[in-house]
Amino acid sequence: QVQVVESGGGLVQAGGSLRLSCTASGLTFDDYAISWFRQAPGKEREGVSCISWSGGSTYYARSVKGRFTISRDNAKNIVSLQMNSLKPEDTAMYYCAARVNFCTTDWAQEELLWAYWGQGTQVTVSS
């Protein structure tokens, strides 16, 4: 069966950095686009970033653009989300998700099309 696993969450002070990692098994990793979503308690899930199967196209939510960077190393089957200049409003459970090929321009509004999801990793940013 397909398994998606996130890691790297933790507690950090505002202005600090964290690096999240995502890996998947049971699928051909470089056939899949990978995205990061996040959900804070009492709030709707929102898309954070997306990267195509090759890494040639990336997308970011306006709220994180310039602070977060998504990348992938298909040889190592890893997608990373480098999060810099973290703010308290970044506090959320972060989820990794996978779909075939690419991120559409509306990828964050097409949650039902993301076939595989990880269990989440908690990011907490203190003020």
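Heads up: the structure comes first, above all this text.
Predicted, not measured: the structure shown is a model, and the values here were computed from it.

**As for the nonpolar core**
Part 1 of the argument: Counting 28 residues, the largest nonpolar core has Ile-34, Trp-36, Phe-68, Val-79, Leu-81, Met-83 and Tyr-94 as the members making the most contacts within it.
Part 2 of the argument: Of all the secondary-structure elements, those providing two or more residues to this core are β3 (18-25), β4 (32-39), β5 (46-51), β7 (68-73), β8 (78-83), β9 (92-100) and β11 (121-126).

**Description of the state of the cysteines**
Part 1 of the argument: This model, assessed by the stated rule, comprises two disulfides.
Part 2 of the argument: Put simply, Cys-22 and Cys-96 are joined by a disulfide, and their sulfur atoms are 1.8 Å apart. Its S-S torsion of about -75° marks the bond between Cys-22 and Cys-96 as left-handed, since a negative value means left-handed. One end of the pair, Cys-22, is in strand β3; the other, Cys-96, is in strand β9, and 74 residues separate them in sequence. Here Cys-22 matches Cys-96 in class, with each residue buried.
Part 3 of the argument: Disulfide pairing is shown between Cys-50 and Cys-103; the S-S distance is 1.9 Å. Across the S-S bond linking Cys-50 and Cys-103, the dihedral sits near -90°, which makes this disulfide left-handed. Of this pair, Cys-50 sits in strand β5 while Cys-103 sits in the loop between β9 and β10 (116-117), placing them 53 residues apart in sequence.

**Structural notes on the pattern of salt bridges**
Think of it this way: side chains of opposite charge can pair up when their charged atoms draw near.
Part 1 of the argument: Scanning the model with the defined rule gives five salt bridges in all.
Part 2 of the argument: Across the pair Asp-90 and Arg-38 runs a salt bridge whose closest N-O atoms are separated by 3.0 Å. You can see Asp-90 sitting in the loop between β8 and β9 and its partner Arg-38 sitting in strand β4, a full 52 residues away along the chain.
Part 3 of the argument: For Asp-90, a relative accessible area of 1% puts it in the buried group.
Part 4 of the argument: We note a salt bridge from Arg-67 to Asp-90, for which the minimum N-O separation is 2.8 Å. Separated by 23 residues along the polypeptide, Arg-67 in the loop between β6 (58-60) and β7 and Asp-90 in the loop between β8 and β9 bring together distant segments of the chain. Exposure class is identical for Arg-67 and Asp-90. Each is buried.
Part 5 of the argument: The network of salt bridges with common partners includes Arg-38, Glu-46, Arg-67 and Asp-90.

**Some remarks on the environment of Val-123**
Part 1 of the argument: Position of Val-123 relative to the elements: it lies in strand β11.
Part 2 of the argument: With 33 residues separating them in the primary sequence, Val-123 and Asp-90 have C-alpha atoms 7.6 Å apart.
Part 3 of the argument: Discounting residues that sit within four places of it in the chain, Val-123 has contacts with Gly-9, Gly-10, Leu-18, Leu-20, Met-83, Asp-90, Thr-91, Ala-92 and Tyr-94.

Cut-offs applied
- Residues numbered from 1 in each chain as written.
- Predicted model: local features only at pLDDT ≥ 70, side-chain atom pairs only at ≥ 80, totals over all residues.
- Heavy atoms only, no water.
- Core = buried A, V, L, I, M, F, W, Y, C linked by side-chain atoms within 4.5 Å.
- Buried < 20%, exposed > 50% of the residue type's maximum accessible area, 1.4 Å probe, protein only.
- Helix = DSSP H or I, 4+ residues; strand = E, 2+ residues; numbered from the N terminus.
- Disulfide = S-S within 2.5 Å.
- Salt bridge = Lys/Arg side-chain N within 4 Å of Asp/Glu carboxyl O.
- Contact = heavy atoms within 4.5 Å.

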